[in-house]
Every structure is written in C-alpha cells, then in structure tokens.
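Chain and residue survey
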Amino acid sequence: MAGSVPAIQVDNLTVSYGPVPALLDISLSIPAGQLVGVIGPNGSGKSTLIKAILGFVKPDVGTVQLFGEDVSRAKGRVAYVPQRGSVDWDFPVTVREVALMGRYGNKRWWQDMSRNDYALADRALEQVRMSEFSKRQIGQLSGGQQQRVFMARALAQDADILLLDEPFAGVDAATERSILDVLTRARQSGKTMVVVHHDLETAAEYFDALILLKQRLYAYGTPEQVLNAELLSEVYEGKLRVFAALAGEPIDQVLEDARSSVLSKNKNGDVS
Amino acid sequence: MMEWLTEIHQGQGHLIKPLIVGTLVSLVCSIVGCFIILRRLSFLSDAIAHAMLAGVVGGYLLMKLAFGVEAHVGAMLLGALLAGVITVALVSFVTGASRIKQDTAIGIMYTGIFAIGAFAISMKALGKHIHIDIYHFIVGSVITVGNPELWIAGIVAAIVIPLVIMFYRELQLTSFDPVMAASIGMPVLAVDYMLTGMTSLVVVSGVRIAGVILVVALIITPAASAYLLFDKLSRMIVASAAIGVGCFWGGFWLARVAGASPGPAIVITGTGFFMLTLVFAPHYGLLADWRRRLHAVPQEIKEDVLGSVLRSDEEWVPLTQVMRNVSSPRPLVRSAIGSLIRQDLLDQENGKVKLTMQGRREARRLLRAHRIWETYLDHMGTPARELHGQAHKLEHLNDERTIDYLDDKLGHPLTDPHGSEIPEDFVDFEELEEVRASLLRKGNRAEVIRIEEAARGSGLHAGMTVSTEPRSSDGQTWTLVTDDGRQVQLAHHQADAVFVKLIQVDQKP
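Residues numbered from 1 in each chain as written. Chains lettered and ligands numbered in written order. Predicted model: local features only at pLDDT ≥ 70, side-chain atom pairs only at ≥ 80, totals over all residues. Heavy atoms only, no water.

**Description of the overall build of chain B**
Counting secondary structure elements, chain B contains 21 helices and nine strands. For chain B, the C-alpha radius of gyration of 36 Å lies well beyond 23 Å, the compact-globule estimate for 509 residues. Projected onto the principal axes, the alpha-carbon positions of chain B cover approximately 110 × 55 × 40 Å. Taking all 509 residues of chain B together, 50% fall into the buried category. Once local pairs closer than 6 in sequence are excluded, the contacts in chain B between residues at least 24 apart make up 67%. Just so you have it, chain B exposes about 24300 Å², and 61% of that area is on carbon and sulfur atoms. (Helix = DSSP H or I, 4+ residues; strand = E, 2+ residues; numbered from the N terminus. Rg over C-alpha atoms; globule rule 2.2 N^0.38 Å. Buried < 20%, exposed > 50% of the residue type's maximum accessible area, 1.4 Å probe, protein only. Contact = heavy atoms within 4.5 Å. Areas by Shrake-Rupley, 256 points an atom, 1.4 Å probe, with all protein chains shown as cover.)

Laid out in structure tokens, this is it:
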C-alpha cells in the first residue's frame, strides 16, 4: 500500500479542445481504495476528466499524478472501460480477444502472449459470466454483455485504478448487478475506482464519494454533501425535476429554493 | 488458364517479372488495406495516390535537369513517396491547427498537390523536358515493369509484412481503442505514423500496377471483402491477402484473354469478387440477412412451444402433439421449433422433441412469468375463467424486473390460483448468489450476510447458517431454523431486510 500517497492527485487541471475549456482549474485528490462517482450534466467534462487521468488528453495547464508519479510515467496502472457509444462494435474482434487486450500492457512488443495471459483473460471473462460467449464477435452481444466484456478486459489488466465511463447507461438489471458486484469485489481488493455516472437517484447508493462537475469542480465529498438541492440546482439548471424526485419534495418548492439560491449565490461558490 | 501458365513457363519469360511484382504488390496492398478500412482512412490512401503525380514529375525533372538522366524510375518513386508523406503531414497539420474536418482537409491538399504535378507537365518551359509517358502513372502498366519495380516491390514487401507481424497487437489496439492503447503506454502517434508510412509505401508500389486513380482499389477492395467474411482481424488479414493476390492473377488472365490493359482488369476482378461477397457472405451477406429475416419467428410462438413441451408428461414429446397444443399457423410453429433447436433449447430425435438443460430453465422461467401473472390477475379480481387467457397474453412480458416486482408485491406466492407451484427466481436463485431471505423456500440452506434495520432484533446475525421451513399463515410468515436449532419467524418486510448467500438450492429438475 502506498500509505498516505493518494491514488489520483489532480492539480489545477485545465483541458480545452479549441477555444472553450472542457475542464477548468480542477484540483482534487482521491485516496486509494475509494469508489468515486463523477456526476454532472451532459458535456460537463466528465469523460474529459477520465481521459486526462488516463493520460490520453494533454492538459493546457496542471498535472495529474497517480500514486505520486506523473501520469505520463505511470503507464499501465490505470484500466479503462469506455463508453458504449465510443466503441466500433463492427470491429473484427472476438470477446476473448478483447479480454486478452487487458494483458497487452504487460508485454514488450517482441514478446508473445503466454498461456498465462490467456488463462487470466479467460478467468476475467468467467468473473463477469461471459465465458460461454468467448468466440462471439463483439457486435453480436446484447448491450449488457458488451459492457461486461470490457469489464473483463479491465479486470484482466489487473491495474490499481479503474476508470469507467457510464458503465450503467442502458444496461439490463442483471448486468447492473453484475457490474456492481465486480466493483464491490474490486474495492475489497484495494482498487481505486472512478465511475462516470448519470443517474442521480442511484449515485448515493453506489459510491463512497461523488465529484460534481461542470467544467469547474463544483463539489467533491460524500454523497450527502454533494447531493444537496442548492448545488444540484446550480449545476443542472434545467434538470430540476430529477432531484425533486430524489429529494422527495414537491417540484414547486424545489424550484423556489433553486431560484433564491441562484439569486443569492456568491460568484466564488466552490464547495469541497 | 492452364495453357496460359505453360505459355509463361515456356519462353514467355517477359511475363515472369510482371507476375512476381504484381503478386508482391497485391499482397502488401491488401494486408495494409485491412487497417486502412478499419480506421476509415480509405479517402486518405486515395489522396496519397493522387498526390504522387507531383512527386513523380518532381523526381523525373530533378534527375533530368540536374543529372541528364532520362526517366529514372528510382527517383520518380522516391519523389512519389515524398509527395505522399507531405500530403499526410499537411492534412494532419490542417486538421490539428484549425476547425477544418479531416475529409475537407484531405480534399484540399491532395487536389492541390496533384495540380502542382499537372501544372508542371503542362508548362511549356518544363513540359518540353518531359518525355516519359505519364500515362503509365495515371493508369498503370504492369506489363512494362522492369528490375527497379521488382526491387521496390521486394523491398516494400520485406518492410511491410514483418512490421505487420511484429506490431500486430499495436496496430490492432490503436485501431480499435486508441484511448486504452495510450493508457498502457503504446506509442499511439508512432503507430499512426508507421501506418501512414506503410500506406505510402504500398501506394508507391501499387501505382505501377493500377495507376494513381485505381491503386486505392488494390488496397481497400480485397480488405472490404475479407471484412464481410471474417470476425477476427488475424483471419481477415490472411483472407484479404489471398483475395488480393487471387484477384491480381484473375485480372491479369482476364486482360490477356480480352487483349486489354491489366490494371483495370485487376480492379474489375476485385470489385466483382466484392459484389459476390456482399451477396453471398455467410454471416454479413445480403442473402444471409434475407434468410435470417425469413426465418425470424415471433418470440411468442417460441415461448408457447417451450411451454407446451414443459407441460407435457413425457420427456420426449411428439411434434404432432406440440403442433396441436400451440395455436399458431403450422409453418410458423415448425420454424419456431427449428429456431429453438439452433438456439440449443430443444433436442430433436425421430419426430420427437425434448428440452435441453438450458431449454428447461428457460421454459420454467416462462412458466413462472405465466403463473405470477395469473396470481396477480386473480389478486386484481379478474374472473377465474379469464385468468388463463389474460395471463397467456401477459406472460410474454417476462423481463426480470417486471416479474420480480410483481413477485414482491404479491408477497412471493408459492402457488398460483389453481394451486400449481410457481417456479422460483432464475436469475439470482443459484448457489453462492446473494438474495433477500424472502426468496427462500422450504429446504433451502443459506448463510446470513447482512441484516437491515427492519429485521434487527429478530435473533439472526451475520455469519450464521440457516435452513428454511415451510411458510406458514397463508404464506405470510417465513420460518428459518438456525444451526443451533432455534426457530426464527419473519414477516415479509423483515424477510426482505435479511440478505443471505445461498448454500444449497434444490432446483427441481
């Protein structure tokens, strides 16, 4: 164990594609072994944060450190489950081959995949109950099964940090359970996980801590701290109904609260 | 065809070089083509090919004006390579530095560079120095290849094939998921450069076969055919190489027979093969698609067939009996049975069918849906004689969430209104699964994992093993027996608050 060194340390991170910043001055520190959810409206930079932690996008300003090491030198410590929409499902690749990709990071380019690598890939498929589909092309699976294949790839990678981009979007109940199950087991074995999540209703139930994002970091803390009406109304604006249902309050009351909170908000409203 | 091969063998030695060059070139083109179509770079490879005209003219003029050498093939091909690389560099510069998208950037840059070549040829001051047949480069001419082309084809093959084999994983993963590739430290950008470098190389070697306009067909058409045929990249590459070489030989022969130019003939063969694949490919072809649609059977009929086999008293059920019990048109029932056999849910022998293990599970899952719907309808006050018919329609709404919800609302009934047993939950209810104690039935053994508020003080605690007694007071009270013999009684809401791991589940056969 790395002791007090945080698993993920982000300092003053700013990332932009073109003139508008996708992320602005984000600083946060995630201790090892936590299961952290990232919430925020569409286009709020959630996926960009994941890609920055992966080292895939270069920050304009700021640094990302994994276990005290700059992300560019910490390759292979992070496994990643992509958003379903970003995968080419027609790519000629089978379920087993995708799981095996999890082992690529442990090999130099001249080394062949060993029997052990295949065994680890197969075991990962077993853990997500996809063994019987290992010869299928990935496009010939249901949405939930596709999600589980990429979970298996991340497991085969055996990284210390797992990043998941909307794993629960559009999956069936069985897959949701099996993903949660895998996440819980991964946390028990000391892994740190950051999960982009869209469903505010389940956010409190699933995660140890939440990051509320909309370009800037609006809040980072326990679900109770983050899921408060004032903050959410500020970030989600048009989506008040969602948390009205969440808070179990009548929508009129929530709208009223939100209006007064927006009017009285001080510009420097960072909460953490 | 045979005579023609003997003809080459005896005395037609001038065909040996074109055939070797053509074979090597179509091999490398179709191998690299696999990555090009998967990365959607077809247009870029076309652009590289066109831009090469400027490089050819440049190389020609340089050797002619500086050294007085006429039509130096090496310089022209090197010029072509350079022009290709410059095109790619300019395209990535424009897309990176501005909001212009890649297809537009490609369109601008390759026409611009092609035009430089065309401009130079048409200039009086330069044009008078140009005596080579630029036509060879525009439509290609494999017949006239000589030693330089042979060398180039050999060198390109010696570079490209080992690179693809050595860096197969890198090429595969950066094409499939560049984000992951970067996260495990693969040099994504370097692999991109390697691929565009290889593309320029194969285009240069292919230009002499098919010309700048048609060379892209040597690259992408065999790969596209292979893509429709195979589900694994490694197989697709081997197939693409075989198709590419096959189409070269076929086209070459076609050109000889028809007395035509080989370049277009090779491309026609490739396109023809692609059209055949498009129609006849076993999985992704139009015919397969059409057949699948033809054989598509409504899910409802399949479920009815499973139900009728399960309800029968015999293990092997005669087909005639199934036909009688399922009230749908016979041909549809017959294709439903065929489809269930293919899905491995039914076995068939001598005109009789039997449920497989998986089929039995599926059928019991449907039976559970049916009986829970009946119980629910009964609960809602539906008249008894309408129960079965209504439930029969509703049982096709059998997704886990709906059924589990109804099951919970009804207090996990054990029997339906007719007194038949309702099969238990099939998704969670397996050994080592964690479920709420309310799902437990007589005889099940389980270990208590955790207890929520509602069941605190019931005498259960985490870690103890319990077995289940029959439910009492009209199915409203759950009775668990702990390992030290104590009986614990729980109401529905309390049983819901106890989470257990199943140790022993006697699933009925």
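Once you've had a look at it, read on.
**Concerning the sheet that holds strand β9 (residues 209-214) of chain A**
All names here are of chain A. Strand order in this open sheet of six strands is β6-β7-β8-β3-β9-β10, and the pairing throughout is mixed. Two strands in the sheet have a free side with no partner beyond their single neighbour: β6 (78-81) and β10 (216-221). The mean inter-strand angle of the sheet, taken between neighbouring strand axes irrespective of direction, is 15°. Alignment of strand β3 (residues 35-39) against strand β8 (residues 192-196), held across four bridges, turns out to be parallel. Its bridge partner lying in β8, valine 36 is registered against valine 194. Packing of helix α1 (residues 46-54) onto the sheet brings it into contact with β3, β6, β7 (161-165), β8 and β9, and relative to β7 it is tilted by some 150°. Along the sheet, helix α8 (residues 229-236) makes contact with β3, β9 and β10, crossing β9 at roughly 35°. (Pairing = 2+ DSSP bridges. Axes fitted to C-alpha atoms, helices over the stretch in contact; angles between N-to-C directions.)

**Quick word on the pattern of salt bridges**
Residues and elements named next belong to chain B. Overall, the coordinates contain 19 salt bridges over all chains when judged by the stated rule. The partner of lysine 354 in a salt bridge is glutamate 315, and the shortest N-O contact between them spans 3.6 Å. Taken together, the residues span a long stretch of sequence, with lysine 354 in strand β3 (residues 352-355) and glutamate 315 in the loop between α15 (299-311) and β1 (317-318) at a distance of 39 residues. Residue lysine 354 is classed as partly exposed on the basis of its relative accessible area, which comes to 21%. Across the salt bridge formed by arginine 486 and aspartate 484, the nearest N and O atoms sit 3.8 Å from each other. (Salt bridge = Lys/Arg side-chain N within 4 Å of Asp/Glu carboxyl O.)

**Considering empty space enclosed by the protein**
All names here are of chain B. Going through the model one piece at a time under the given rule, you end up with five cavities of 30 Å³ or more. Here the largest cavity is characterised by a volume of approximately 80 Å³. When contributions to the lining of the largest cavity are tallied by element, the ones reaching two or more residues are α11 (188-229), α12 (233-258) and α13 (262-280). By residue number, the principal contributor to the lining of the largest cavity is α11, which donates four residues. In terms of residue class, the lining of the largest cavity is built from seven nonpolar, four polar and no charged. Of the pockets and cavities examined, the second largest cavity occupies roughly 50 Å³. Forming the boundary of the second largest cavity are Glu303, Asp304, Gly307, Arg311, Ala363, Leu366, Leu367, His370 and Glu395. Mapped by element, the contributors of at least two residues to the lining of the second largest cavity are α15 and α18 (357-379). (1 Å grid on protein atoms, 1.4 Å probe; cavity = no way out; pocket = protein on both sides within 12 Å on 5 of 7 lines; lining within 4 Å. Points joined across faces, edges and corners; volume = space filled by probe spheres on them. Nonpolar A, V, L, I, M, F, W, Y, C, P; charged D, E, K, R; others polar.)

**Considering α13(B)**
All names here are of chain B. In this model, α13 (19 residues) spans 27 Å end to end at C-alpha, consistent with the 27 Å of a helix rising 1.5 Å per residue. Residues Pro262, Gly263, Ala265, Ile266, Val267, Gly270 and Thr277 constitute the buried set of α13. Next to the buried residues of α13 lie α11 and α12. (Expected span 1.5 Å × (residues − 1).)

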